[in-house]
Amino acid sequence: MAQDYHQMWTELGLDLDAHNKLLNVLEKTYNEIYLSRQKRPEGMKYFDFVMSEVHGLRIKELIDAKKLGKKIIGSFCVFVPEELILAMNGISVGLCAGAEFGFSEAEKFLPRNTCPLIKSAFGFKLSKVCPYVEACDMVAGENTCDGKKKSYEIFKNLVDNLYVIDLPQTKSEEGKNLLKKEYQKFIEKLKEISGNSLEVNNLKKAIMIVNKKRKALHRLSEMRKYDPLPISGLDALLINQIFFYDDPERFTESVNKICDELESKIKNGYGICPEGTPRILISGCPMAIPNWKIHWIVENSNAVITGEESCVGERGFQWLTDETGDSVEKLLNNIVERYFKIDCAIFTPNPSRLEHIIDMVNKYNAQGVIHYNLQFCQPYQIEGGLIETALEKNGIPVLQLNTDYSNEDVEQIKTRVEAFIERIRE
Ligand code: BJ8
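This section reports on the structure supplied with the text. (Residues numbered from 1 in each chain as written. Predicted model: local features only at pLDDT ≥ 70, side-chain atom pairs only at ≥ 80, totals over all residues. Heavy atoms only, no water.)

When helices and strands are tallied, the protein shows 19 helices and 8 strands. Computed over its C-alpha atoms, the radius of gyration of the protein comes to 21 Å, within 12% of the 22 Å expected for a compact globule of 426 residues. Summarising its shape, the C-alpha atoms of the protein cover approximately 60 × 50 × 45 Å along the three principal directions. Counting only residues that meet the buried cut, the protein has 59% of its 426 residues in that class. Intrachain contacts of the protein at a sequence separation of at least 6 include 76% that bridge at least 24 residues. As presented, the protein carries roughly 17800 Å² of accessible surface, and 50% of it is formed by carbon and sulfur atoms. With 54 positive and 62 negative side-chain charges, the protein shows a separation of 2 Å between the mean positions of the two kinds. (Helix = DSSP H or I, 4+ residues; strand = E, 2+ residues; numbered from the N terminus. Rg over C-alpha atoms; globule rule 2.2 N^0.38 Å. Buried < 20%, exposed > 50% of the residue type's maximum accessible area, 1.4 Å probe, protein only. Contact = heavy atoms within 4.5 Å. Areas by Shrake-Rupley, 256 points an atom, 1.4 Å probe, with all protein chains shown as cover. Lys, Arg positive; Asp, Glu negative; His and termini not counted. Charge placed at Lys NZ, Arg CZ, Asp CG, Glu CD.)

What follows is the structure in structure tokens.
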């Protein structure tokens, strides 16, 4: 890190010893997984820099923004609309954590058989190692899976200001109306904490900013259709993860810059791997920083990942919000329309997710799908069975992986992934 941020971390109330331990693990893992790799695009230097300053410069930016009156809103789910937060002079930051840290503390509050994503959020908070959650003026939770829904009842005692958005479970008109009502309530809450009103021009501008960010990722996804692949799945995953932390306009610019570079490389036939390398699509639970386990295993087994059907991936950014309309009401309706399309496995039934996976397999020329389930995540594990049956019927090979954030099962997963790659090569 360029500067010494200890003073800032102390003021945020972090446990400096525990935080140092986390940063050391992060740095070591990042060096091994990313910095030691060959053939990374020049444009990845920006994202490497973001990672090197993820607890430093970005946090300082957030604190400086707070001094100027901006409110920091943390969230755990792509159902929390960034457009509304930006329009009310706020900054949205992702709080999902992808590392096994503070689990023994978390297990004092949660059953052991809780999904690692939830345990990690508790672990980071209880161990006082996450400057993002400490910098937040409000944490916006959401009633999605039972695990999250119930754990917010406990989490509200651990953070100063938790607000929970209720969510529908079915894709019905009633469901859409509920989502709209909940977003209206969320707007009222944002007004209360920010002291700002919601103006049509600000909302329109915010929609455009977030759309541009998503469009930049659409452009990056286009690059992943090519064979040979011009960017690794690991690098693309990292960009998808940084989407939730970085300043939106700077992020958009940096993604477009890397796309310019990749476009010219593609013209010259450049690839990070030989043409014909087996191509795999990942589908399932979100992968928060620093969860790079499956991508690392696959891409160290002579295969590549061409896309993520995940909220940290295409499920999170595939739809744009309609920018037309001259009233808050109309623009809010556009936001509701956009978010209501998200096909998280908490919805029942959830047919569009399967359609999207098949579409992605075709679009990105994948030869097989790894369905990635976090341990104890019932919605994705159960839906994964339905998806496996349907895809295999369509001649698309599927490997289901149930795993957590530990490295204990790496060798076992590697063996299964290698066997799967052999299968899709045939
Ligand atoms: S819209 S996927 S970001 S809820 S992995 S905590 S589902 S037990 S994260 Fe998600 Fe929103 Fe849905 Fe996307 Fe529960 Fe499963 Fe854990 Fe999960």
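Alright, that's what it looks like, and here's the rest.
We now examine the site of the ligand. If you check the shell around the ligand, you find 17 residues, and the closest are Cys115, Cys145, Cys311, Cys344 and Cys377. By residue class, the composition of the shell around the ligand is 14 nonpolar, 1 polar and 2 charged. (Near = heavy atom within 4 Å. Nonpolar A, V, L, I, M, F, W, Y, C, P; charged D, E, K, R; others polar.)

Looking now at the sheet that holds strand E1 (residues 71-75). Whether parallel or antiparallel, the strands of a sheet pair through hydrogen bonds between backbone atoms. Strands sit in the order E2-E1-E3-E4 across an open sheet of 4 strands; the sheet is parallel. Where the open sheet ends on each side, the last strands, each with one partner, are strand E2 (90-94) and strand E4 (162-165). Pairwise comparison of adjacent strand axes, ignoring direction, gives a mean angle of 30° for this sheet. Here E1 pairs with strand E3 (residues 138-142) via 3 bridges, running parallel. From the neighbouring strand, Gly74 faces E3, where its bridge partner is Val139. (Pairing = 2+ DSSP bridges. Axes fitted to C-alpha atoms, helices over the stretch in contact; angles between N-to-C directions.)

Considering the arrangement of structural elements, one finds Lys213 in helix H11 (residues 200-223). Once you skip the residues sitting within four places of it in the chain, Lys213 turns out to touch Glu82, Phe243, Pro248, Phe251 and Thr252.

What follows covers the sheet that holds strand E8 (residues 398-403). As summarised here, the arrangement of the 4 strands in space is E6-E5-E7-E8, forming an open sheet in which the pairing is parallel. Strands with a single pairing partner mark the edges of an open sheet, and in this sheet they are strand E6 (304-309) and E8. Recorded for the sheet is a direction-independent mean angle of 25° between the axes of neighbouring strands.

All told, the structure shown has 40 salt bridges when counted by the stated rule. The salt bridge partner of Glu134 is Lys125, with a shortest N-O separation of 3.0 Å. The residue Lys176 makes a salt bridge to Glu173 at a minimum N-O spacing of 4.0 Å. Of this pair, Lys176 and Glu173 both sit in helix H10 (residues 173-194), 3 residues apart, roughly one helical turn. Through salt bridges with shared partners, a single network forms among Arg58, Glu61, Asp246 and Arg250. (Salt bridge = Lys/Arg side-chain N within 4 Å of Asp/Glu carboxyl O.)

This part takes up the pairing of E1. Across the 5 residues of E1, 4 count as buried, placing the element largely inside the fold. Viewed along the sheet, the connection from E1 through helix H5 (residues 82-87) into E2 turns out right-handed. (Right-handed = clockwise from strand over helix to strand, strands pointing away.)

Turning our eyes to something else, we now look at the nonpolar core. Residues Leu84, Tyr183, Phe186, Ile239, Trp292 and Ile370 are the most contacted members of the largest nonpolar core, which totals 134 residues. Setting aside residues no more than four positions away along its own chain, Trp292 makes contact with Leu26, Thr29, Tyr30, Ile33, Tyr34, Met51, Leu234, Leu237, Leu238 and Gln241. Residues Leu281, Met360, Val361 and Val398 belong to the second largest nonpolar core, which totals 11 residues. (Core = buried A, V, L, I, M, F, W, Y, C linked by side-chain atoms within 4.5 Å.)

Attention now goes to the packing of helix H2 (residues 16-35) against helix H12 (residues 233-242). Where H2 contacts H12, the two axes come as close as 10 Å, and the packing angle between them is 130°. By the angle between their directions, the pair H2 and H12 is classed as oblique. Along the contact surface, H2 presents Tyr30, Ile33 and Tyr34, while H12 presents Leu234, Asp235 and Leu238. A breakdown of the residues in the contact of H2 with H12 according to their chemical character gives 5 nonpolar, no polar and 1 charged. (Parallel < 35°, antiparallel > 145°, perpendicular 65-115°, else oblique.)

Before going further, it helps to spend a moment on the packing of H11 against helix H16 (residues 328-340). Remark: H11 packs on H16, axes separated minimally by 9 Å, with the N-to-C direction vectors making an angle of 25°. It follows from the interaxial angle that H11 and H16 lie roughly parallel. For the pair H11 and H16, the crossing hand works out as left-handed. Judged by residue contacts, Val200, Leu203, Lys204, Ile207 and Arg214 of H11 engage Val328, Leu331, Leu332, Ile335, Arg338 and Tyr339 from H16. (Left-handed = near helix turned anticlockwise from the far one by under 90°.)

Here Asp227 and Pro228 are connected by a cis peptide whose omega angle stands at 5°. If you trace the backbone, Pro228 turns up in the loop between H11 and H12. At the junction of Thr348 and Pro349, the peptide bond is cis and its omega measures out at -15° in the coordinates. Mapped onto the secondary structure, Pro349 falls in the loop between H16 and helix H17 (351-363). Within the chain, Lys39 stands out as a residue other than glycine whose phi angle is a positive 60°.

You can see Ile193 is positioned in helix H10. Between the C-alpha atoms of Ile193 and Asp137, which are 56 residues apart in sequence, the distance is 8.1 Å. If we skip the residues at most four places from it in the chain, Ile193 touches Lys71, Ile73, Met138 and Asn161.

What characterises a pair of aromatic rings is the spacing of the ring centres plus the angle enclosed by the ring planes. Within the structure shown, the criterion is met by 17 aromatic pairs. For the pair Tyr132 and Tyr245, a centre-to-centre distance of 5.2 Å together with 65° between the ring planes defines the contact as edge-to-face. Of this pair, Tyr132 sits in helix H8 (residues 131-135) while Tyr245 sits in the loop between H12 and helix H13 (248-267), and the two are 113 residues apart along the sequence. Across the pair, Tyr245 and Tyr132 agree in class, each one buried. With 5.8 Å between their ring centres and 80° between their planes, Phe243 and Phe251 make a pair best called edge-to-face. Classification of Phe251 as buried rests on a relative accessible area of 0%. Three or more aromatic residues link up through ring pairs in this structure, and these residues are Tyr46, Phe47, Phe243, Phe244 and Phe251. Sitting above the plane of the Phe340 ring, Lys171 keeps its charged end 5.8 Å from the centroid. Above the plane of the ring of Tyr339 lies Arg338, whose end atom (NZ or CZ) is 4.5 Å from the centre. (Phe/Tyr/Trp six-rings, centres within 6.5 Å; stacked < 30°, edge-to-face > 60°. Lys NZ or Arg CZ within 6 Å of the ring centre and 35° of its normal.)

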